[in-house]
Amino acid sequence: MTWKVLFLLVCLLVCGINGFSDPYRVLGIPKSSTVPEIRKAYKNLAKEWHPDKNHDPAAEEKFVEITQAYELLSDPERRKQYDLYGVLGDSAISREKREYNQQYQKKFDFMDDLFGFPGYGSFRYRRSEPDITSFHKLSVSTKAYENNLVPKSFRTPYLILFYSDWCFPCLQIEPLWRKVIEDLEPIGVGVATVHSENEKMLAKKVGIRSLPTMVLLMEGKTTIYREPMISAHKIVEFIRAKFPYNIMQSVNDDNAHEFLRGWIDNRVRALVFENKEQPRLRYLLTAYHFRDRVAFGSVNMGSMDTIETQKQFKVAHDADTLLIFNENHNRPIVSLSMADIPVNTMQDVISRNKYLVLPRLSSQTLLDALCPPEWAKPRKRLCVVLVSENTPYHDTPRQALRQFAQESSYSAERVRFTYIFRERQSEFINALTSGEGSPAESTLHIVILWRRDSSHIKYEWLPSGLDASVDQWNDTKSHLETTIHRLLQSNAALSGEAIVKELIDEHAQGMVTRMVNKLLLTADFLKESIGKDQILPAISVIGTILFIIGGGYLMSYLVRLEEESINKKKNDDSGKGTTENGKNGSYVPELKLHEMRAENYNGLVRLLKPGCRTIILLVDMQSRTTLLPSFHKTVWPYRKNKTLMFAHLSLERGLEWYKRLLTLSLPEPRDLNINPRNCIGTVLSLNGHRKYFCMYHAKHPECSRGQGSKRMVKMTKHFSNPPFNVGSGAFMGFDTSESESETEDVEKGVRPLTEGSGDAAGGVLFQGNLLDGLPNWLDRLFEGTTHRYYVNYWPDFTGK
């Protein structure tokens, strides 16, 4: 026993000389402890002696001692060596110290370092580098996350790190996180941290299951970084993969012209030239930030398919180049060329040039940006708006105003020139045309706006419309300059005032697009979220859904088979096709055409329930044999619609009623002379409850050209302000006499209806062709796009 005691004393002496204590004693565990027990003991002691928590002067040394003991025992080879020999040699201790010094002095290489921590075996304590306070400085609360970061994420993606105080892997990646801030924040990536212990609800909402975890917040949605290894390259690829599809379109010689001419979508164009296949992250971030106002294209200067585009714009090959275009696609308004274009420089340049020369007011956001509210008269901001329609015929007036805007000397801070589509922003335009001095027809008129606040607008219309012809345009331009100069004066007042609603967002996604995007997002979420533990429940849910769908289809198939069997049995029992009740076995709903008379007039018109209509065909004794079968065939598909009734009216019996009905629909009632022959083939849709009717006739402009609503309004005004051309209303039966009607109609090509042969190209309309356009008119009728003629009351039907 003596030699054993002596050996133990020697070992203790050597350990004391070398300054290395027994790791089991340091951790307070027996030699038989397992790895989990060693790790648990280390965690408890590390919490107690961490220098940030324990202010004892010896805490730092004690913490290093605890860490060294844990490292030794967590390494199976080193632990075995210690258990066999009981002590580490001088060389091993010196090597250990050198490793710590090198680890302390080594500069963290962000681009090359890969770190992963399957356990705590690879942990290296750095005396002063890791600092948990760097996480605290960027920490955000749940309220700040929802009210600040989420709205900003639609312009700037945020990389968020979830951590906690006693998370040692979090402490290990602190140098890397600092490097992420240094490298990604300057090019436009926002960074933040969340203390998962203090913000447990947010961590649960995002789906945090372990620490540390990186999350990308973009467009209000979060995506968890799930790669087992973390590196700069992987982080960049992770961010790149989450950008919206085609955020930067690939542009070459074939599609460059088309891309630059696409400014009709109300966005300027930007081309980025670089010697890379994929655009750099800084350009993607800039394109994401300005995507609502700027469409970005990426040109790879190393590709043979872009040589002509590079020559056209004289792009330098030794630097990256940014070109910005407005409506003039042949010459850029901005050219910026550098080896590394600073992000701040790009953002400043784009911010100053992100609007077209003549932008369209296509959303409330754009209206607020171009024409912001300003209540003070000395600083009022005017918005010159051309009201037009989405048609190529109005390109010339828009180009004239665009040229005027380019040549004007007004500051963009005081005067903005824009245009608006009347059919898309009808509520906004109607509010501006309701006051005195407003034009009856606002199309191609200019209105000058001054927004007092978000909903109150002062306005003034130019008295004459915009005519792009040389002589008229010079007068309009002179008048426009005079009016703008006058209204910019602090004491000048605009004549009209209106309360307007917000503009409709013309660029908003449709319902189908939103549904598809939701499905794609759901698929991405399931792909990223479902792990091995969730596969079985997911398969169970999917199987249940498929079983329900399959069961429903099987049931419907069996019901259909049963119905076919019953119908077949009935047909077999009917013999010649009749059942016991004497009715046809293959019964088809009938379509009954009523003849309008005095005794059924109230039932067909006045007593109709809400939502019900009566469709009436006007015929005479000569044409009824031709028109009634054609009318019956046309309306046959609607026989099952219980809200519709169909009838015909003999003009010999109901001409006076028809004349009275037309008179009541005019703005100013007056006597009309009706030519019955011109009324043949007219179809009326009567809404008895709401007191209006719609009209079809082969010569009706609404039926012949497809834009009858506006023409009918103008024509009705023309009829209500005599004198007017008698023959122009022949399709409705308007005339002074039958002979005059025939003469006028022949001269105008609206020749009287005939049953004989003739040249259809010469304007003759045969009775057999009167109802050719009725199916299309019925489609528009049920869509609600036909013009409605309102009456105060339904005239009496005498039937005489």
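Parameters at a glance
- Residues numbered from 1 in each chain as written.
- Predicted model: local features only at pLDDT ≥ 70, side-chain atom pairs only at ≥ 80, totals over all residues.
- Heavy atoms only, no water.
- Helix = DSSP H or I, 4+ residues; strand = E, 2+ residues; numbered from the N terminus.
- Buried < 20%, exposed > 50% of the residue type's maximum accessible area, 1.4 Å probe, protein only.
- Contact = heavy atoms within 4.5 Å.
- Salt bridge = Lys/Arg side-chain N within 4 Å of Asp/Glu carboxyl O.
- Axes fitted to C-alpha atoms, helices over the stretch in contact; angles between N-to-C directions.
- Parallel < 35°, antiparallel > 145°, perpendicular 65-115°, else oblique.
- Left-handed = near helix turned anticlockwise from the far one by under 90°.
- Pairing = 2+ DSSP bridges.
- Right-handed = clockwise from strand over helix to strand, strands pointing away.
- Disulfide = S-S within 2.5 Å.
- Polar contact = N/O pair within 3.5 Å; in protein donor to acceptor, adjacent residues only side chain to side chain.
- Core = buried A, V, L, I, M, F, W, Y, C linked by side-chain atoms within 4.5 Å.
- Domains from an automatic or database assignment.

Trainee: Is there a simple way to think about the overall build of the protein in this case?
Mentor: A count of helical and extended segments in the protein gives 30 helices and 20 strands. The proportion of buried residues among the 800 residues of the protein is 43%. For the protein, the proportion of contacts with a sequence separation of at least 24, taken over those separated by at least 6, is 72%.

Trainee: Is there a simple way to think about unusual backbone geometry in this case?
Mentor: For residues other than glycine, phi is negative in most cases, and the peptide bonds are mostly trans. Following L211, the chain continues to P212 via a peptide bond in cis, the omega torsion being -5°. Considering the arrangement of structural elements, one finds P212 in the loop between helix 11 (200-206) and strand 3 (213-218). Positive phi values are uncommon outside glycine, yet E219 reaches one of about 55°. Residue placement: E219 occurs in the loop between strand 3 and strand 4 (221-224). Its identity as a non-glycine residue notwithstanding, N246 has a phi of 60°, on the positive side. Its place among the elements puts N246 in the loop between helix 12 (232-241) and strand 5 (248-250).

Trainee: What should I look at first to understand the pattern of salt bridges in this one?
Mentor: Two side chains bearing opposite charge may form a pair once their charged atoms approach each other closely. The final tally for this structure, using the stated rule, is 22 salt bridges. Across the salt bridge formed by R155 and D292, the nearest N and O atoms sit 2.5 Å from each other. Separated by 137 residues along the polypeptide, R155 in the loop between helix 8 (142-152) and strand 1 (158-163) and D292 in the loop between helix 14 (281-289) and strand 7 (294-300) bring together distant segments of the chain. Judged by relative accessible area, D292 falls into the partly exposed class, the value being 40%. Residue R280 is joined to D320 by a salt bridge in which the shortest nitrogen-to-oxygen separation is 3.0 Å. In this pair, R280 is assigned in the loop between strand 6 (268-274) and helix 14 and D320 in strand 8 (residues 320-325), connecting sequence segments 40 residues apart. Its relative accessible area of 21% is what places R280 among the partly exposed residues. For D320, a relative accessible area of 8% translates into the label buried. Where salt bridges share partners, they join E219, K221 and R291 into one cluster.

Trainee: Can you walk me through the packing of helix 24 (residues 624-635) against helix 30 (residues 774-783) in this structure?
Mentor: When two helices pack together, their arrangement is given by the angle between their axes and by how far apart the axes lie. Two elements in contact, helix 24 and helix 30, have axes whose closest approach is 10 Å; the angle formed by their N-to-C orientations is 45°. As judged from the angle between their axes, helix 24 and helix 30 are oblique. Helix-helix and strand crossings are classified by hand; for helix 24 and helix 30 the assignment is right-handed. Contact residues: helix 24 offers F631, T634 and V635, while helix 30 offers L774, P775 and L778.

Trainee: I tried to follow the sheet that holds strand 16 (residues 613-619) on my own but got confused; where do I start?
Mentor: Backbone hydrogen bonds are what pair the strands of a sheet, in a parallel or an antiparallel way. The sheet built from six strands is open, its strands ordered 15-17-16-18-19-20 with mixed pairing. Lying at the two open borders of the sheet, with one neighbouring strand each, are strand 15 (593-595) and strand 20 (789-790). As paired elements, strand 15 and strand 17 (residues 644-650) share three bridges and run parallel to each other. Bridged to L593 within strand 17 is F646. Contacts from helix 24 reach strand 15, strand 16, strand 17 and strand 18 (683-687) within the one sheet, and its direction differs from that of strand 16 by about 155°.

Trainee: Explanation requested: the pairing of strand 11 (residues 415-421) in the structure shown.
Mentor: Strand residues, when the strand is regular, have side chains that alternate between the two faces of the sheet. Most of strand 11 sits out of view: six of its seven residues are buried. Note: strand 10 (residues 382-388) against strand 11, seven bridges, orientation parallel. If you follow V384 over to strand 11, its bridge partner there is F417. Regarding topology, helix 18 (residues 395-407) serves as the crossover connection from strand 10 to the parallel strand 11, and that connection is right-handed.

Trainee: I'm lost on the state of the cysteines in this one. Help?
Mentor: Every disulfide links exactly two cysteines, by a covalent bond between their sulfur atoms. One pass over the full model with this rule turns up two disulfides. Here C167 is linked by a disulfide to C170, with a sulfur-sulfur distance of 2.2 Å. Here the disulfide of C167 and C170 is right-handed, its torsion about the S-S bond being about 80°. Each member of the pair, C167 as well as C170, is classed as buried. A sulfur-sulfur separation of 2.1 Å characterises the disulfide bridge that pairs C371 with C383. Placement of the pair is C371 in the loop between helix 17 (364-370) and strand 10 and C383 in strand 10, with a sequence separation of twelve residues. By relative accessible area, C371 is classed as buried at 6%. Judged by its relative accessible area of 1%, C383 falls in the buried class.

Trainee: What is the right way to look at the environment of V447 in this model?
Mentor: Note that V447 resides in strand 12 (residues 446-451). Taking the relative accessible area as the measure of exposure, V447 reaches 1% and is therefore buried. Taking C-alpha positions, V447 is 6.6 Å from L386, a pair spaced 61 residues apart along the chain. Excluding anything up to four places from it in sequence, V447 contacts C383, V384, V385, L432, Y459, E460 and W461.

Trainee: Got a minute to help me understand the side chain of R79 in this structure?
Mentor: Within the element layout of this structure, R79 appears in helix 5 (residues 76-85). Within the local environment of R79, its side chain forms a polar contact with the side chain of Y24, the two groups lying 3.0 Å apart. Within polar-contact distance, the side chain of R79 engages the backbone oxygen of S33 at 2.9 Å. Dropping the residues within four chain positions of it, R79 is found in contact with Y24, K31, S32, S33, I38, L72 and L73.

Trainee: Which parts of the structure should I look at to understand the nonpolar core?
Mentor: The nonpolar side chains of a soluble globular protein tend to be buried with one another. In this structure, F296 and L322 are the most contacted members of the largest nonpolar core, which totals 50 residues. No other element matches the six residues that helix 14 contributes to this core. There are two domains that each give this core at least three residues, and those are domain 2 (132-241) and domain 3 (244-353). Setting aside its immediate chain neighbours within four residues, L322 contacts A270, L271, V272, F296, V334, S335, L336, I341, M346 and I350. The next biggest cluster of nonpolar side chains, apart from the first, holds 49 residues, and it includes F646, I674, Y692 and L765.

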